[in-house]
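Now for the letters of each chain:
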Amino acid sequence: MYFENSNFSFGRFGTLAFTPMMEQYLKIKNKYKDAILFFRLGDFYEMFFDDAIIAAKELEIALTGKDCGQSERAPMAGIPYHTADNYIDKLIKKGYKVAICEQLEDPSMSKGLVERDVVRIYTPGTIINLNSIEEKSNNYLVSVYKYKLNYGISIVDVTTGDLFVTEIINCNNINKIYDEIIRYEPSEIIANSDFFSNNKLIKAIKSKHCYLNKFTSENTYEEMVELIENQFNNSIDELNLGNKKYAIISLSLLLEYLNNLHKVPLKQINKINYYKDDSFMVLDSNTIKNLEIIESSKTNSKKGSLLGVLDKTVTPMGGRLLKKWLEEPLIKTDKIQVRLDAVEELLNDYKGRLELNEALNGIYDLERLSSKIVYQNINPKDFISIKISLEKLPQVKENLKKYNTLLLKELYLKLDTLEDIYKLIEESIKEDPSTSLKEGNIIKDGYDENIDKLRKASIEGKDWIANLEASERDKTGIKTLKVGYNKVFGYYIEITKSNLSMVPDTYIRKQTLSNAERFITPELKEIEETILTAEEKLINMEYEVFNNIRRKLEIQINRIQNAAKIIAFLDVLLSLAVVAETNYYVKPLVNNNNKIFIKDGRHPVIETILEENFVSNDIELSSQDPIMIITGPNMAGKSTYMRQIALIILMAQIGSFVPASYAEIGIVDRIFTRVGASDDLFSGQSTFMVEMSEVSNILKSATDKSLIILDEVGRGTSTYDGMSIAWSVLEYIHETIKAKTLFATHYHELTNLEKQLNGIKNYNISVVEKNDDIIFLRKIIPGAADKSYGIQVSKLAGLPDCIIEKAKEILNNLENNKKEIITETAATTQIDIFGIEKDNFIKEISECDIDNMTPLNALNYLNVLKKKASVLRCDNHE
Ligand code: ADP
Ligand code: MG
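Model, not experiment: these values are computed from the prediction.

> Where do I start with the overall build of the protein chain in this structure?
Each helix and strand counted, the protein chain has 28 helices and 26 strands in total. For the protein chain, with 878 residues in total, the buried portion stands at 52%. Within the protein chain, counting contacts between residues at least 6 apart in sequence, those at least 24 apart form 68% of the total. For the protein chain, the centre of its 109 positive side-chain charges and the centre of its 128 negative side-chain charges are spaced 2 Å apart.

Structure below.
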């Protein structure tokens, strides 16, 4: 509740009546309690009471007061209306909602209080001010409807009109729901109350700095269906949503929410992209981060990420689409194949590629310009941007004609060149129009008869005045007669004092200066009036005609959007072709053989930033040999190698060529990565608990078609603990999941698994030792690494010699000791290697004091026991 908790409860203001304006304010504010209300007063937006105090602080503007009829003044803060966009953005970035209340009638026409109401509300997911949104990213609003274990999810970008809808039925894996929502990086989520019942999920979402909103509807189900049918102008069955109840509800909630906020018909949202949750490879947010697909973890920017390497798109919509492709790799070979074939055809046509690129280069953001048409915040200059863009379409189509691959043919056939829309703008809008709608100078001559007439009247009037000086000099014989203009008196005729005797009777004196007098004539005033009214009328008329043209475009908006989509698609394919050429990629073979075979693979990002040559490496993973244990010293290149495999697979599955000399990619359904706590560059605060819960999530979700990358997992705890966990995880993957797995580890003991389990193979990244030094060869070779070379690496890193020498001595001692321990324990029982004895284990359980445990403690303890038990079990297998 807004006012109740505030310092400015009504009570404090006593029983005096508020001023009428303040009454009006409070009435409106009462309807928008959760938003900061921008209340239009003339040329300002004013905020009052708590809103004013918040705004003054957050926007660093002055806090003043306004008489409101009470004994105390109301706190007030204000901003000039034309600067509002920036202030709105600022508040929204800080997590506020902003409601814009406008004057609904012209104050000069109204006798009493001007009518006012809220015309638009802004939230993070619904901003339409394009200055604040990244050009090559989408700004998504997600609507989730949860009922029992069923979810309807709808995702929209109101600035482009993109809408995606899906449904997940009977799902008790909350991670899956989280991944599905978060992979869009929404800036705002709305959901029904039921969704908020899972605290863990809500907390996780909030940590993504996402604005979370409860939203419920009074609509019946029938009304929801109707809302959708009206929006998309089609029956629910034709829209293929007939039996998708949860999707329908989430979509209808979304539309209702947007209608409440924007209060204009959402014409830009006119197509539903329904997808099944198995249409794409789902990438969880950890994997997107770990593999640095969209953002480099060092710089938090595109530079240094896979997207950074692949993005040579030249249009904003192409940039957004490529990002989307990377976030949604395909899993159907035929779909991948058509993309690959198209990239290949473009790659092989150097000249055609250049021509297409040149045509695309001049195309503006047609998607967002379309939304501006709908939101009526489009200006005449934007129309010229649209025109310049459309002008390129025939050339693009012409250039596409010659291609034979399926996808390019389809793009060619589907591309509507929109000549009619081009013609409409070309005929109506001036080449260099004003950006403002209230200054005229928008409409071309010859487009509208009335505008032409008014312009003519104004020009003729001005001509008449321009000629007046000469003709009056003639008539009166006064050689120094001058015609001038000032704001107060308008046009006048100026006569110096010495010539006053020659002034005709028809002149009317208006103003006396020190050595001259100014006159007007009835005729001059008449012409002046004609000019001024003509200009005023002209401005209004141009505005009206502009709006008519805008409405004409609005009707055609889905044609513009469709063309924009085709341009985006082509832009992405071209970008992939360009990158394939410059970086010497090859076309991968994609199939369903469940095998990964890569020759001379390279890391697509690191190879572009290294100064020395990148050393390529092979890999072969199949259902017979799905698991690789990779050892080797720090800095050898283990992490790089594993990531490069994941990235090559991912690239292949978006339809990109890959950095290798040959690649055969059996489709992978998911890629999972977990980077061990000690190697976790990203979160820093990552604890062992987080690491383990992520691993458990992977084990729950992975299948025999998945790729799992475990980089130094188990290092967040003591060596034996960690090692035992790593061991049992690997065994579990091997026995139960059968996923392809790359496991980099420091625990050399784990390389013993190779002997025990078929399908696990040891590899290491080779180094050579030269005296005391170590040289990295970066080549992956079969077999386990013989030692860790930690001391040599430290030496490379510049640790002082005395420390290095001492460390060597200690290591020698330790290694001799360890040999003793291992030989000893091997003679007794293997369990000792893990520091856990069965007897101890049983004793521990029987002695545990349950009565004095909190439920949470008990759960944690159970967790510990379970881990210990699994280690014991792992040993019993042997
Ligand atoms: P590890 O995980 O084994 O500690 P990294 O994979 O982090 O090692 O690699 C360390 C550095 O070695 C990388 O940042 C990169 O500069 C270099 N490097 C790794 N692999 C290669 C390679 N194949 N060719 C050239 N340099 C490489
Ligand atoms: Mg590493």
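> Whenever I open this one, the site of ligand 1 confuses me. Can you help?
Near ligand 1, the surroundings consist of 13 residues, among which Val615, Met635, Lys638, Ser639 and Thr640 are the closest. For ligand 1, an oxygen atom lies 3.3 Å from a polar atom in the backbone of Ala636. Interatomic distance of 2.6 Å between a side-chain N/O atom of Thr640 and an oxygen atom of ligand 1. Taken by itself ligand 1 offers 560 Å² of open surface, and the protein chains cover 82% of this. Of the residues forming the shell around ligand 1, the biggest block, three residues, is contributed by helix α21 (residues 638-654).

> How should the domain arrangement of the protein chain be read in this particular structure?
Many authors give the size of an interface as the accessible area that is lost as the parts come together. Assigned domains of the protein chain: these are domain 1 (11-122), domain 2 (134-277), domain 3 (311-418 + 556-582), domain 4 (449-549), domain 5 (589-799) and domain 6 (807-878). Relative to domain 4, the C-alpha centre of domain 3 lies at a distance of 55 Å.

> Even after reading the chapter, I still don't get helix α14 (residues 380-400), so can you show me in this structure?
Spacing of three or four residues puts side chains on the same side of an α-helix, whose turn is 3.6 residues. Helix length check: α14, at 21 residues, gives a terminal C-alpha distance of 31 Å against a target of 30 Å (1.5 Å per residue), a fit within 8%. At Leu393, α14 shows its maximal kink, close to 25°; a proline, Pro394, follows between one and four residues later. You can read the cap of α14 off the contacts: a side-chain oxygen lies 2.9 Å from the backbone nitrogen of Lys381, and it is on Asn379.

> What exactly am I supposed to notice about the nonpolar core here?
The tendency in soluble globular proteins is for nonpolar side chains to be buried as a group. The biggest cluster of nonpolar side chains holds 138 residues, and the ones touching the most others in it are Phe195, Leu310 and Ile671. At 14 residues, helix α19 (residues 557-582) tops the list of elements feeding residues into this core. Those residues in contact with Phe195, other than ones at most four positions away along the chain, are Val144, Lys146, Tyr151, Ile177, Ile181, Leu201, Ile202 and Ile205. With 71 residues, the next largest nonpolar core counts Tyr122, Leu141, Ile236 and Leu253 among its residues.

> Just to check I follow, could you spell out the pairing of strand β13 (residues 482-486) for this structure?
Consecutive side chains along a regular strand alternate between the two faces of the sheet. In the sheet, β13 pairs with strand β14 (residues 490-496) via five bridges, with the strands oriented antiparallel. Looking at the pairing, Tyr485 lines up with Tyr491 of β14. Counting the residues that bridge the hairpin from β13 to β14 gives three residues.

> I keep staring at the sheet that holds strand β19 (residues 617-621) and nothing clicks. Help me out?
Strand-to-strand pairing in sheets goes through backbone hydrogen bonds, with the strands running parallel or antiparallel. Strand order in the open sheet made by the four strands is β17-β21-β18-β19, with mixed pairing throughout. What marks the edges here is a single partner per strand, and that holds for β17 (589-591) and β19. Each strand of the sheet is rotated relative to its neighbour by a mean of 15°, with strand direction disregarded. Judged from the three bridges that link them, β17 and strand β21 (residues 662-666) form a sheet pairing that is parallel. Pairing of Leu589 across the sheet is with Glu664, part of β21.

> How should the environment of Asn300 be read in this particular structure?
By secondary structure assignment, the location of Asn300 is in the loop between α8 (285-290) and α9 (306-310). The exposure class of Asn300 is exposed, given its relative accessible area of 55%. Sequence-wise, Asn300 and Lys289 are eleven residues apart; in three dimensions their C-alpha atoms are separated by 9.9 Å.

> Even after reading the chapter, I still don't get the packing of helix α15 (residues 406-414) against α19, so can you show me in this structure?
One way to put it is that α15 packs onto α19 with a least axis distance of 10 Å and a crossing angle of 150°. Taken together, the axes of α15 and α19 lie roughly antiparallel to each other. Of the two elements, α15 crosses α19, and the hand of that crossing is left-handed. Facing α15, whose interface residues are Leu407, Leu408, Leu411 and Lys414, α19 presents Ile566, Phe569, Leu570 and Leu573.

> Would you explain the packing of aromatic side chains in this entry?
Aromatic ring pairs: the centre-centre distance and the angle between the two ring planes describe each pair. In the structure shown here, the tally under the stated rule is 17 aromatic pairs. Aromatic side chains Tyr140 and Phe164 sit 6.4 Å apart centroid to centroid with 70° between the ring planes, which places their arrangement in the edge-to-face category. Highlighted residues: Tyr140 in the loop between β6 (116-122) and β7 (141-147) and Phe164 in strand β9 (residues 162-168), separated in sequence by 24 residues. The burial state of Tyr140 is the same as that of Phe164; both residues are buried. Pairing Tyr275 with Phe280 gives two aromatic rings, centres 5.8 Å apart and planes at 50°, and the pair type is tilted. By relative accessible area, Tyr275 is classed as buried at 6%. Aromatic ring contacts, followed pair by pair, group Tyr25, Phe39, Phe48 and Phe49 into a single cluster. Lying across the ring of Tyr412, Lys397 places its NZ or CZ 5.1 Å from the centre. Of note, Arg518 hangs over the ring of Tyr492, and the distance from its end group to the ring centre comes to 4.1 Å.

> Would you explain unusual backbone geometry in this entry?
Across residues other than glycine, the phi torsion is negative in most instances, and most of the peptide bonds are trans. In the Ramachandran plot, Lys148 falls in the positive-phi region, its phi being about 50° despite a non-glycine side chain. Here Lys148 shows up in the loop between β7 and β8 (150-157). For Lys148, a relative accessible area of 57% corresponds to the exposed category. The backbone phi angle of Met635 is positive, close to 75°, even though this residue is not glycine. Along the chain, the position of Met635 falls in the loop between β20 (627-631) and α21.

> Is there a simple way to explain the UniProt feature "binding site: ATP" (unreviewed entry) in the protein chain in this structure?
UniProt records the feature "binding site: ATP" (unreviewed entry) at Gly632, Pro633, Asn634, Met635, Ala636, Gly637, Lys638 and Ser639, using the numbering of this structure. Along the chain, the position of Pro633 falls in the loop between β20 and α21. With respect to the helices and strands, the residue Asn634 is situated in the loop between β20 and α21. The exposure class assigned to Asn634 is partly exposed, which follows from its relative accessible area of 38%.

> Looking at this structure, how should I read the side chain of Asp448?
On the secondary structure map, Asp448 appears in the loop between α16 (419-428) and α17 (449-476). Put simply, Asp448 is tucked away with no salt bridge, and the nearest opposite charge, on Arg455, sits 8.7 Å away. Within polar-contact distance, the side chain of Asp448 engages the backbone nitrogen of Ile451 at 3.0 Å.

What counts, and where the lines are drawn
Residues numbered from 1 in each chain as written. Chains lettered and ligands numbered in written order. Predicted model: local features only at pLDDT ≥ 70, side-chain atom pairs only at ≥ 80, totals over all residues. Heavy atoms only, no water. Helix = DSSP H or I, 4+ residues; strand = E, 2+ residues; numbered from the N terminus. Buried < 20%, exposed > 50% of the residue type's maximum accessible area, 1.4 Å probe, protein only. Contact = heavy atoms within 4.5 Å. Lys, Arg positive; Asp, Glu negative; His and termini not counted. Charge placed at Lys NZ, Arg CZ, Asp CG, Glu CD. Near = heavy atom within 4 Å. Polar contact = N/O pair within 3.5 Å; in protein donor to acceptor, adjacent residues only side chain to side chain. Areas by Shrake-Rupley, 256 points an atom, 1.4 Å probe, with all protein chains shown as cover. Domains from an automatic or database assignment. Expected span 1.5 Å × (residues − 1). Bend = angle between axes of the 7 residues up to and from the residue. Core = buried A, V, L, I, M, F, W, Y, C linked by side-chain atoms within 4.5 Å. Pairing = 2+ DSSP bridges. Axes fitted to C-alpha atoms, helices over the stretch in contact; angles between N-to-C directions. Parallel < 35°, antiparallel > 145°, perpendicular 65-115°, else oblique. Left-handed = near helix turned anticlockwise from the far one by under 90°. Phe/Tyr/Trp six-rings, centres within 6.5 Å; stacked < 30°, edge-to-face > 60°. Lys NZ or Arg CZ within 6 Å of the ring centre and 35° of its normal. UniProt positions renumbered as here; feature names shortened; annotations may be inferred. Salt bridge = Lys/Arg side-chain N within 4 Å of Asp/Glu carboxyl O.

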